[in-house]
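The lines below spell out each chain.
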Amino acid sequence: MEIQAAQKHQALSIARLIMQAMNYDCCRYFTGPDHTLDDFERVMTELVLADNTQYSYLNTLVAIDADGGLCGACVSYDGARLHELRRPCFDAFKANFGFDTGRIGDETQAGELYLDSIAVFENYRGKGVATALLQASIEKGRTLGLPAVGLLVDKGNPKAEKLYLRVGFKYVGDSSWGGHEMKHLQYPL
């Protein structure tokens, strides 16, 4: 397995992994009752293809297997850039779904490389892909000179939390996002 920078041709797979990381209830939170997950996937793919969004392929590391298949992805960016990178996403959610973005608080801040989304396709789980993506993201944070790498984990996902703690992340507080109660974890650099 190799960790590398994402490429545009991987956008649909990355969008599907982001949706998996968000969980489909969160995706529906944005779409509302009048739109489908397919609609959300279309918009998310456009956001991955864009150069100026938090979900951009430019902010994404991917895990590639020996045959060249995409195994998983991790989207991360400097938390100081949250508002700049999030604005095109919020504009897209408003334009496509009528979603009022005023209900969304900040999930990160300056001083951390924020791991926005990390997910592994089901047939690659349990093979160290998520750990490799986390370690590569920690190195990315070091390269950027940031003091910490941070993420939010759903309180209803203890398996993911256990992985993050095993890698070295520490609990720093509670948060909420997309209608879900979350824990904010950080890996100090």
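Residues numbered from 1 in each chain as written. Predicted model: local features only at pLDDT ≥ 70, side-chain atom pairs only at ≥ 80, totals over all residues. Heavy atoms only, no water.

Chemist: Residue-level account of the nonpolar core, with values.
Modeler: Met22, Phe40, Met44, Tyr55, Phe93 and Trp177 are the most contacted members of the largest nonpolar core, which has 38 residues in total. The set of elements that each furnish at least two residues to this core consists of helix H1 (11-22), helix H2 (24-31), helix H3 (37-49), strand S2 (60-64), strand S3 (70-78), helix H4 (82-97) and strand S4 (113-120). Those residues in contact with Met44 that lie beyond four places of it in its chain are Ala15, Ile18, Met22, Tyr55 and Phe93. Among the nonpolar cores identified, the runner-up in size contains 25 residues, and Tyr124, Ile138, Val153 and Val167 belong to it. (Core = buried A, V, L, I, M, F, W, Y, C linked by side-chain atoms within 4.5 Å. Buried < 20%, exposed > 50% of the residue type's maximum accessible area, 1.4 Å probe, protein only. Helix = DSSP H or I, 4+ residues; strand = E, 2+ residues; numbered from the N terminus. Contact = heavy atoms within 4.5 Å.)

Chemist: Account for unusual backbone geometry, with residues named and values stated.
Modeler: The phi dihedral of Asn23 is positive, around 80°, even though this residue is not glycine. By secondary structure assignment, the location of Asn23 is in the loop between H1 and H2. The class of Asn23 is partly exposed, set by a relative accessible area of 23%.

Chemist: Account for the pattern of salt bridges, naming residues and giving values.
Modeler: Think of it this way: side chains of opposite charge can pair up when their charged atoms draw near. The final tally for this structure, using the stated rule, is 10 salt bridges. Note that Arg28 is salt-bridged to Asp25, the shortest N-O span being 3.8 Å. Of the two residues, Arg28 and Asp25 both sit in helix H2, three residues apart, roughly one turn of that helix. In this structure, the salt-bridge partner of Arg42 is Glu46, at a minimum N-O distance of 3.7 Å. In this pair, Arg42 and Glu46 are both assigned in helix H3, four residues apart and thus about one turn of the helix distant. Exposure remark for Arg42: the relative accessible area of 39% places this residue in the partly exposed category. Take Glu46: its relative accessible area is 43%, and that puts it in the partly exposed class. Through salt bridges with shared partners, one network takes in Arg86, Asp106 and Glu107. (Salt bridge = Lys/Arg side-chain N within 4 Å of Asp/Glu carboxyl O.)

Chemist: How would you explain the side chain of Thr108 if you had to name every residue and give the values?
Modeler: Tracing the chain through its elements places Thr108 in the loop between H4 and S4. Residue classification places Thr108 among the buried residues on the basis of a relative accessible area of 5%. Within polar-contact distance, the side chain of Thr108 engages the side chain of Glu112 at 2.6 Å. When neighbours within four sequence positions are excluded, Thr108 is seen to be in contact with Tyr77, Gly79, Leu82 and Tyr114. (Polar contact = N/O pair within 3.5 Å; in protein donor to acceptor, adjacent residues only side chain to side chain.)

Chemist: Just give me the short version of the sheet that holds strand S6 (residues 170-177), but keep the residues and values in it.
Modeler: With respect to topology, seven strands assemble into an open sheet ordered S1-S2-S3-S4-S5-S7-S6, the strand pairing being mixed. Of all the strands in the sheet, just strand S1 (2-5) and S6 have a single pairing partner and so form its edges. If you compare each strand with its neighbour and ignore which way they point, the axes differ by 30° on average. Here helix H5 (residues 129-144) sits on the sheet in contact with S1, S2, S3, S4, strand S5 (148-154) and strand S7 (180-188), set at roughly 160° to S4. (Pairing = 2+ DSSP bridges. Axes fitted to C-alpha atoms, helices over the stretch in contact; angles between N-to-C directions.)

Chemist: Let's hear about H1: which residues, and what values?
Modeler: Look at H1: 16 Å from first C-alpha to last across 12 residues, which is about the 16 Å you get at 1.5 Å a residue. Each element contacted by the buried residues of H1 is listed here: H2, H3, S2, S3, S4 and S6. Just beyond H1, the residue with positive phi is Asn23, at close to 80°. (Expected span 1.5 Å × (residues − 1).)

Chemist: For the packing of H1 against H2, give the residues involved together with the corresponding values.
Modeler: With their axes 5 Å apart at the nearest point, H1 and H2 run at an angle of 100° to one another. Comparing the axis directions of H1 and H2 gives the class roughly perpendicular. Between H1 and H2, the residues in contact are Met19, Gln20 and Met22 and Tyr24, Cys26, Cys27 and Phe30, respectively. Taken together, the residues of the contact of H1 with H2 sort by class into six nonpolar, one polar and no charged. (Parallel < 35°, antiparallel > 145°, perpendicular 65-115°, else oblique. Nonpolar A, V, L, I, M, F, W, Y, C, P; charged D, E, K, R; others polar.)

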